[in-house]
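Residue-level structure breakdown
Here are the chains, one letter per residue:
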Amino acid sequence: MDSSSELQAENQALRQQLESLLREARSNEDKMRRFEQLEHRLIGARSMADLLRLLLNEYRQSFGIDCVTLALLDRDQETSGLLDAERPRDDQAERAQLDGLTLLHSLKPIESLFQDLTHPSLGPFNEGLHRPLFGTPSPALASVALLPLSRHGELIGSLHFGSTDPSRYERAAGTQLLQRLAAIVSVCLDNALNHERLKRAGLSDMLTGVHNRRYFEHRSQIEVSQARRYQHDLACLFLDLDHFKTVNDSFGHAAGDAVLQKIAHIIQAQLRAGDTVARFGGEEFVVLLPQAPAQHARDIAERIRLSISAEPLTLPGGEVVPISVSIGLAMLGLSHLSGDSPSLAQGLVNDADRALYRAKATGRNRVTCSAASDKLGETLGPQKNAH
Ligand SMILES: Nc1nc2c(ncn2[C@@H]2O[C@H](COP(=O)(O)OP(=O)(O)OP(=O)(O)O)[C@@H](O)[C@H]2O)c(=O)[nH]1
């Protein structure tokens with residue numbers, strides 16, 4: 001080879017090297033741009049569920065990752081409660097969006113994965129060590145990146161990326177971007193939780209801790225839409241304590257407050273996880289029973305009535321307070337479902353309220369079913385008022 005063709009070959013090799021560097025730079029730039037876009041969306045996520053969907057789905061799609069899972073510490077089941085409240089029970093698509101999320105009661109399954117809380121751990125997939133993080137089924141993974149999530153120096157969870165490409169997450173690879181992602185995700189999770197707490201505080205009744213009327217109104221519309229969509233039953237109970245004024249007058253307002261707290265507890269104890277109880281105001285409570293046929297709803301109402309009136313309540317101050325409740329029951333009539341969900345929800349509550357009025361008018365301490373709730377027996381309960 002003469003010197004000119006040597007030079008040409010060298011030139012060609014240099015050009016190829018330059019082109020490959022340019023390709024890499026462009027690819028990094030593109031990655032960075034996508035990363036920044038996603039970062040903005042993570043920071044802007046409006047709820048915990050939105051944030052988790054972004055992490056588990058959109059991040060995976062945007063970066064072509066084969067498998068993304070997330071483990072989060074949820075000692076007090078606060079996060080699971082938030083997600084349950086937001087997620088319609090029957091929406092399979094919604095549920096699938098949060099596939100890959102594990103809520104942990106303790107840090108045990110993840111704490112040994114990280115040497116320190118600032119560095120992601122990259123390397124080959126290890127069946128024994130990593131399978132529990134990715135679960136089954138997952139693609140045949142060859143390399144993984146595990147990102148510790150921490151707040152105020154403490155581990156709060158971990159984000160796991162798995163790839164079928166053994167060279168995607170090599171031990172020696174740079175981790176700057178992943179470190180930055182872990183830091184952002186940790187802050188976003190903390191923010192989302194705080195935001196949800198604030199939101200929740202605005203939807204809870206301060207005295208009894210159950211939901212407030214505002215939440216109930218929102219929830220009842222969701223439940224009505226679900227009932228229409230899936231042709232499910234939906235029952236509503238309207239409860240009003242009997243002669244509560246007498247309780248206040250005889251035992252004092254503080255004792256009255258304690259009675260309301262106990263009653264909220266008693267009602268809640270009779271319900272399933274998907275049911276909703278709220279304090280409607282004063283000494284009135286409302287309950288929504290999704291997927292409860294009329295007879296079942298009536299049984300629940302009767303159970304609540306009995307558990308309140310069976311024995312006088314003993315308050316923390318030692319007072320023994322006899323109390324009873326009147327309950328109106330209404331069913332969402334699946335045969336007349338024209339109208340929008342808000343007006344149907346309002347109609348359902350009005351029906352239950354009218355039934356309650358009749359329970360009061362016919363002697364209190366009883367369950368009365370709305371006239372519209374076809375085929376239900378009229379009234380349950382003793383003929384004689386408890387007071
Ligand atoms: N302690 C306490 N009392 C409350 C609260 N909210 C409303 N009340 C009282 O609940 C009582 C409701 O009285 P009424 O509407 O006359 O009804 P009632 O005495 O329960 O009689 P009936 O409903 O007809 O059986 C009033 O004395 C209110 O002051 C509260 O947050 N705490």
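Residues numbered from 1 in each chain as written. Predicted model: local features only at pLDDT ≥ 70, side-chain atom pairs only at ≥ 80, totals over all residues. Heavy atoms only, no water.

Here's the deal with the UniProt feature "coiled-coil region" (unreviewed entry) in the chain
Per the UniProt record, the feature "coiled-coil region" (unreviewed entry) sits at residues 4-38. Overall, residues 4-38 shows 100% helix and 0% strand. The separation of its end C-alpha atoms is 50 Å. (UniProt positions renumbered as here; feature names shortened; annotations may be inferred. Helix = DSSP H or I, 4+ residues; strand = E, 2+ residues; numbered from the N terminus.)

So, the site of the ligand
Contacts to the ligand come from 16 residues, most closely from His243, Phe244, Asp257, Arg279 and Arg364. At 2.9 Å from an oxygen atom of the ligand is found a main-chain nitrogen or oxygen belonging to lysine 245. Between the ligand and the protein, one listed contact pairs an oxygen atom with a side-chain N or O atom of lysine 360 at 2.9 Å. Out of a free accessible area of 660 Å², the ligand has 67% covered by protein chains. Taken together, the elements giving at least two residues each to the shell around the ligand come down to strand 6 (234-241), helix 9 (244-251) and helix 10 (253-269). Of the residues belonging to the shell around the ligand, the class tally is 3 nonpolar, 5 polar and 8 charged. (Near = heavy atom within 4 Å. Polar contact = N/O pair within 3.5 Å; in protein donor to acceptor, adjacent residues only side chain to side chain. Areas by Shrake-Rupley, 256 points an atom, 1.4 Å probe, with all protein chains shown as cover. Nonpolar A, V, L, I, M, F, W, Y, C, P; charged D, E, K, R; others polar.)

Focus: the sheet that holds strand 3 (residues 121-124)
The 5 strands are arranged 2-1-5-4-3 in an open sheet whose pairing can be described as mixed. The outermost strands of the open sheet, each flanked by one partner alone, are strand 2 (101-104) and strand 3. The mean inter-strand angle of the sheet, taken between neighbouring strand axes irrespective of direction, is 15 degrees. The sheet contact formed by strand 1 (residues 67-73) and strand 5 (residues 154-163) spans 6 bridges and is antiparallel. Considered in strand 5, the bridge of cysteine 67 is made with glycine 162. Here helix 2 (residues 48-63) sits on the sheet in contact with strand 1, strand 2 and strand 5, set at roughly 160 degrees to strand 1. Strand contacts of helix 7 (residues 176-201): strand 1, strand 3, strand 4 (143-151) and strand 5, with the helix running at about 45 degrees to strand 4, the strand carrying the most contacts. (Pairing = 2+ DSSP bridges. Axes fitted to C-alpha atoms, helices over the stretch in contact; angles between N-to-C directions. Contact = heavy atoms within 4.5 Å.)

Some words on the pairing of strand 11 (residues 325-331)
Most of strand 11 sits out of view: 7 of its 7 residues are buried. Here strand 11 shows a buried face lined by Val325, Ile327, Leu329 and Met331 and a second buried face lined by Ser326, Gly328 and Ala330. With 3 bridges connecting them, strand 11 and strand 12 (residues 367-369) associate as parallel partners. Paired with leucine 329 across the two strands is cysteine 369, which belongs to strand 12. (Buried < 20%, exposed > 50% of the residue type's maximum accessible area, 1.4 Å probe, protein only.)

What about the environment of lysine 31?
In this structure, lysine 31 sits in helix 1 (residues 3-44). Given a relative accessible area of 35%, lysine 31 falls into the partly exposed group. Sequence-wise, lysine 31 and leucine 177 are 146 residues apart; in three dimensions their C-alpha atoms are separated by 9.8 Å. Apart from the residues within four sequence positions on either side, lysine 31 is in contact with Phe63 and Leu177.

Concerning the side chain of arginine 53
Turning to its location among the elements, arginine 53 is positioned in helix 2. A relative accessible area of 15% means that arginine 53 is categorised as buried.

Things to note about the packing of helix 9 against helix 10
Relative orientation of the contacting elements helix 9 and helix 10 amounts to 135 degrees, with a least axis distance of 6 Å. Regarding the angle of helix 9 to helix 10, the classification is oblique. On the side of helix 9, the interface is formed by Phe244, Val247, Asn248 and Phe251, while helix 10 contributes His253, Ala255, Gly256, Val259 and Leu260. Looking at side-chain class alone, the contact of helix 9 with helix 10 contains 6 nonpolar, 3 polar and no charged residues. (Parallel < 35°, antiparallel > 145°, perpendicular 65-115°, else oblique.)

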